[in-house]
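# Residue-level structure breakdown
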Amino acid sequence: MTAAEGALSRGLAARPLFIATIFLGSFLLFLIQPMLGRMALPTLGGAPAVWNVAMLFYQAMLLAGYVYAHAISRMAQRRQTIVHLAVFAVAALTLPISLADVGGRETLPPMLWLLALLGASIGPVFFVVAAQAPLMQSWYARVDDPAAADPYFLYAASNAGSLLALLAYPFAVEPYLRLKEQAWLWSGGFVVLALLVAFCARRPARDPAPAAEAAPPATWRERAVWTVLAAVPSGLLLSTTTHLTTDIVAVPLLWVVPLALYLVTFIVAFSMGGAIFVKQAKMASPILLLLLGGYTFLAQGVFALLMALTNLVLLFVVALALHGHLAGRRPPPSQLTDYYLWISLGGVIGGFFSAIVAPLVFDWVYEHPILLVCAAALIPAKPLTKRIGMLWKGRRGLVLDIVLPLVSLVASWWVHTELILADRAETAAPALAIIALAAVLSIGRRLTFAACFGALMLGLGGWQAIAISRIELARERSFFGIYTIKADGARLIRQLEHGTTLHGVQSLIPDLQSEPQSYYAKGSGVAEAFAALPKIAGRFAKVGYVGLGAGSLSCFAQPGQGWTAFEIDPLVVRIARDERLFTYISRCTPDLRVVMGDARLSLAKEPRHTYDLIAIDAFTSDAIPMHLMTEEAFKVYAGALKPDGVLMVHISNRHIDLQPVIASIANDMGWTARVRDHTPYDPGLAGIDYSRSIWVALTPTETRMQDLMYGGGAGPAGWALLRERPGLEPWTDDFASIIPVLKQQ
């Protein structure tokens, strides 16, 4: 074997090593994110703002890792190896993964304190692992392997590792391993990664080329294109997730699906055979944007699940087209780390827009249609036929660039007037056809097509959404969600909706405005508990409830009782106290004490044994704030309750069966538990809106439970033992999974 053949053989043998190293690094990156989230949840609470800031931290640290990889990639190979392994050694001093003890929580703004906590807890290890994908590809480009001339296929291996970790954590890690075991497993993976990096460092056959011999650097214009092509899919990922989970359908683990599809588009776009799929995505994207994206503002109601599916299809095809275009513009391997740096910056920009800016600026998920229009303006599609392409030649094309968007905009208002407001589809059809024709003709003229596509969305619900946003008090948005207040003149009720879930109803009939509706109707478990309360705790009972909503529970208050509400969202408090919207609080508990912040943290600060009854009603849509359903959380509730107090937990949920979870916790704590699944009689009268509800009552003794059941009037026959699941362990801060308790749909 000649020296050249030997070098080639070693180069071919190096390929699996680099693939394994990059795969493992990305796997560890995406494994640590949900793991740390589970660790931090009991400390930080379940606010979406926590997740938004955490996601921003991850993207920023990824960018920092890419900057570091780019900075050291010009060093001699030996020096790169020494520096990188030294950084690994320093980061290893923070193992095993755990929450750091960071001071300043009471003095620093919450966002800064959280960033400090994340940085101190996982900053060093996240930083060094984040650098693996670009740095290992840079090293591989200097291996004697024919494939090293175009090492970007390794980016597919990176995203495959991310995808596997994303799916593995909720289905294979969290259900079987406690957090301490997860931390040690991750730490072991980190050590293995360091060893693989050391082996990889011996493979490059040459040092990086001197700057004078390297390919010329990319222009700033090209870097800007890379950034934008990465930013739009990144923002679209988060906006699609928000749109699905807050405005279409709330299903546990649904957030996994958009992220998985997003990662698959990277895998396909950067794979060796991905070009054919990218070409098809570019051809299909404009048509799918019109057929599926045009209905973005109408994605609610009976077709919610279908709309959810179409949103996922659209995300996949559009992201594949944009990522494929990004992959097609990749530079020579000598500029590889620069390329990934700007891609990472684009990801940060897109994520920052959707996660931080949009909730502050918009009262609805307007970022989603905005990003769809941006995608339409970026996808390099071609005219559908050569004849259509000829229409755009010369001055005629410039005229059409102006006329078609203007005509489409006027037609969109006609569609809004006739279809949305007057429900006259036959008179709206011609205007809708004009917009569709203009959009189809403009495929290939990206800005013109984007304008016509935007006009289509405006006509199909966009103008209506904007009109609602201009109505005072009709819709509000915070980090915690989108709240819509609807007055139904026919049914004479006002509703508070949080995304897709009803969070409060009040009658518009004056005589019924002090009567709790929906889940709190007469005969519901919580109504029975409050009816029994004076008999079991006396006139001066102390009551606490978690989750203010519209304030419905306040109207169970009786003279002499002391009431406290625990609420995390200041916007909910403002809505509930605004007498133009809801009057439960002003009518029934004008002196209601409201404690702001995460309920578990707030209750832990309350004087011990204060409350005779605590009601937990804090679920956001059908999502479960898991930190409120662990054994440690229930011990916090027990500490705030009097020794013979009553705990009520609302568990109505379309997707998760929480009875076995609470039964397991009650058994461990030695408490007695009963469940009341109540479907109230609906008289069909205006001003009344009752809903089925499932409430669990927990008491420290069976005697107190008997007092509760008889005192409310339903008696033991109205309550049932909780459904148990053999082998199901109680949820704890260290171990919990919703997979075993998902309902069979």
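Up top is the structure.
An account of the accompanying structure is given in this report. (Residues numbered from 1 in each chain as written. Predicted model: local features only at pLDDT ≥ 70, side-chain atom pairs only at ≥ 80, totals over all residues. Heavy atoms only, no water.)

It is worth spelling out the overall build of the protein chain at this point. The number of helices and strands found in the protein chain is 24 helices and 11 strands. A compact globule built from 745 residues should have a C-alpha radius of gyration of about 27 Å, and the protein chain, at 29 Å, falls within 12% of that. Its C-alpha atoms give the protein chain principal-axis dimensions of about 95 × 70 × 45 Å. Expressed as a percentage of the 745 residues in the protein chain, the buried residues total 58%. Look at the contacts in the protein chain between residues 6 or more apart in sequence, and 78% of them connect residues 24 or more apart. When the accessible surface of the protein chain is split by element, carbon and sulfur atoms take 65% of a total near 30,600 Å². Once the 56 positive and 50 negative side-chain charges of the protein chain are each reduced to a mean point, those two points are 9 Å apart. (Helix = DSSP H or I, 4+ residues; strand = E, 2+ residues; numbered from the N terminus. Rg over C-alpha atoms; globule rule 2.2 N^0.38 Å. Buried < 20%, exposed > 50% of the residue type's maximum accessible area, 1.4 Å probe, protein only. Contact = heavy atoms within 4.5 Å. Areas by Shrake-Rupley, 256 points an atom, 1.4 Å probe, with all protein chains shown as cover. Lys, Arg positive; Asp, Glu negative; His and termini not counted. Charge placed at Lys NZ, Arg CZ, Asp CG, Glu CD.)

With that out of the way, let us pick up the environment of Leu378. Structurally, Leu378 is set in helix α13 (residues 367-378). Taking the relative accessible area as the measure of exposure, Leu378 reaches 18% and is therefore buried. Sequence separation between Leu378 and Arg446 is 68 residues, and the spatial gap between their C-alpha atoms is 6.6 Å.

This part is about the state of the cysteines. Tallying each qualifying case throughout the model produces one disulfide. A sulfur-sulfur distance of 2.0 Å marks the disulfide that ties Cys555 to Cys588. When the S-S torsion is 80°, as for the bridge of Cys555 with Cys588, the disulfide is right-handed. Residue Cys555 is found in the loop between β5 (542-546) and β6 (562-567), and its partner Cys588 is found in helix α20 (residues 584-588); the two are separated by 33 residues along the sequence. Residue Cys555 is classed as buried on the basis of its relative accessible area of 13%. Cys588 gets classed as partly exposed once you look at its relative accessible area, which sits at 24%. Not engaged in a disulfide, the cysteine Cys374 finds its nearest cysteine sulfur in Cys452; these two sulfurs lie 16 Å apart. (Disulfide = S-S within 2.5 Å.)

Once that is clear, we can look at a nonpolar patch on the surface. On the surface, a cluster of nonpolar side chains totalling about 490 Å² of accessible area is made up of Val399, Ile402, Val403, Leu406, Val407 and Ile434. The element contributing the most residues to the nonpolar patch is helix α15 (residues 394-421), with five residues. Looking at the element boundaries, Val407 is found in helix α15. (Patch = residues over 30% accessible without salt bridge, like charges linked within 9 Å, V, L, I, M, F, W, Y side chains within 5 Å. Salt bridge = Lys/Arg side-chain N within 4 Å of Asp/Glu carboxyl O.)

With that settled, the discussion passes to the side chain of Asp689. Relative to the assigned elements, Asp689 resides in the loop between β10 (672-678) and β11 (693-699). If sequence neighbours within four positions are ignored, Asp689 has contacts with Arg491, Ile493, Gln495, Leu502, Val505, Gln517 and Ser518.

Most of β6 sits inside the fold, with six of its six residues counted as buried. Here β6 shows no split at all, with Gly562, Thr564 and Phe566 on one side and Trp563, Ala565 and Glu567 on the other all buried. Across five bridges, the pairing between β5 and β6 is parallel. The residue of β6 that forms the bridge with Tyr545 is Ala565. Looking at chain direction, β6 and strand β7 (residues 593-596) are connected through four bridges and run parallel. Residue pairing across strands places Thr564 opposite Arg593, the latter belonging to β7. (Pairing = 2+ DSSP bridges.)

Attention shifts here to unusual backbone geometry. Here Leu95 and Pro96 are connected by a cis peptide whose omega angle stands at -5°. For Pro96, the location among the structural elements is in the loop between α3 (77-92) and α4 (110-130). Positive phi values are uncommon outside glycine, yet His609 reaches one of about 55°. By secondary structure assignment, the location of His609 is in the loop between α21 (599-605) and β8 (611-616).

A few words on the pairing of strand β3 (residues 493-498). Along β3, six of the six residues are buried, which leaves the element largely enclosed by surrounding structure. The two faces of β3 match: Ile493, Gln495 and Glu497 on one face and Arg494, Leu496 and His498 on the other face are all buried. Two elements, strand β2 (residues 481-488) and β3, share six bridges in a ladder whose sense is antiparallel. Note on β3: the bridge partner recorded for Ile485 is Leu496.

A few words now on the pattern of salt bridges. As enumerated under the stated definition, the model contains 21 salt bridges in all. Residues Asp338 and Arg223 are paired through a salt bridge, measuring 3.0 Å at the closest nitrogen-oxygen approach. Pair noted here: Asp338 is in helix α12 (residues 336-361) and Arg223 is in helix α8 (residues 220-248), with a separation of 115 residues, a long-range link. For Arg704, the salt bridge is made with Asp707, and the minimal N-O distance between the two is 3.5 Å.

With that out of the way, let us pick up helix α17 (residues 446-470). With 25 residues, α17 should reach 36 Å at 1.5 Å per residue; the first-to-last C-alpha distance of 31 Å falls well below that figure. The sharpest bend along α17 reaches about 65° and sits at Gly459. (Expected span 1.5 Å × (residues − 1). Bend = angle between axes of the 7 residues up to and from the residue.)

This part covers the sheet that holds β6. The strand order across the open sheet formed by seven strands is β7-β6-β5-β8-β9-β11-β10, and the pairing between neighbours is mixed. If you trace the sheet from one side to the other, it starts and ends with β7 and β10, each paired once. Taking the axes of each pair of neighbouring strands and ignoring which way they run, one obtains an average angle of 20° across the sheet. The sheet contact formed by β10 and β11 spans seven bridges and is antiparallel. Residue pairing across strands places Arg676 opposite Trp695, the latter belonging to β11. Strand contacts of helix α24 (residues 702-712): β9 (641-650), β10 and β11, with the helix running at about 25° to β10, the strand carrying the most contacts. (Axes fitted to C-alpha atoms, helices over the stretch in contact; angles between N-to-C directions.)

Here we come to the nonpolar core. Side chains of a nonpolar character, in soluble globular proteins, are inclined to be buried together. By size, the foremost hydrophobic cluster in this structure holds 137 residues, and its most contacted members are Ile97, Ile122, Trp186 and Leu289. Sort the elements by how many residues they give to this core and helix α1 (residues 3-44) lands first, with 14 residues. Excluding its chain neighbours within four sequence positions, the residues that come into contact with Ile97 are Ile32, Leu36, Met39, Ile122, Val125, Ala183, Trp186 and Ser187. Ranked by size, the runner-up nonpolar core spans 47 residues in total, among them Phe480, Ala541, Trp563 and Met648. (Core = buried A, V, L, I, M, F, W, Y, C linked by side-chain atoms within 4.5 Å.)

Orientation of helix α5 (residues 132-140) relative to α12, taken along the N-to-C sense of each, is 160°, at an axis distance of 9 Å. On the basis of their axis angle, the class for α5 and α12 is roughly antiparallel. Note that α5 runs across α12; the crossing there is right-handed. Residue-level contacts link Pro134, Gln137 and Ser138 of α5 to Leu336, Thr337 and Tyr340 of α12. Across the contact of α5 with α12, the residue classes tally to three nonpolar, three polar and no charged. (Parallel < 35°, antiparallel > 145°, perpendicular 65-115°, else oblique. Left-handed = near helix turned anticlockwise from the far one by under 90°. Nonpolar A, V, L, I, M, F, W, Y, C, P; charged D, E, K, R; others polar.)

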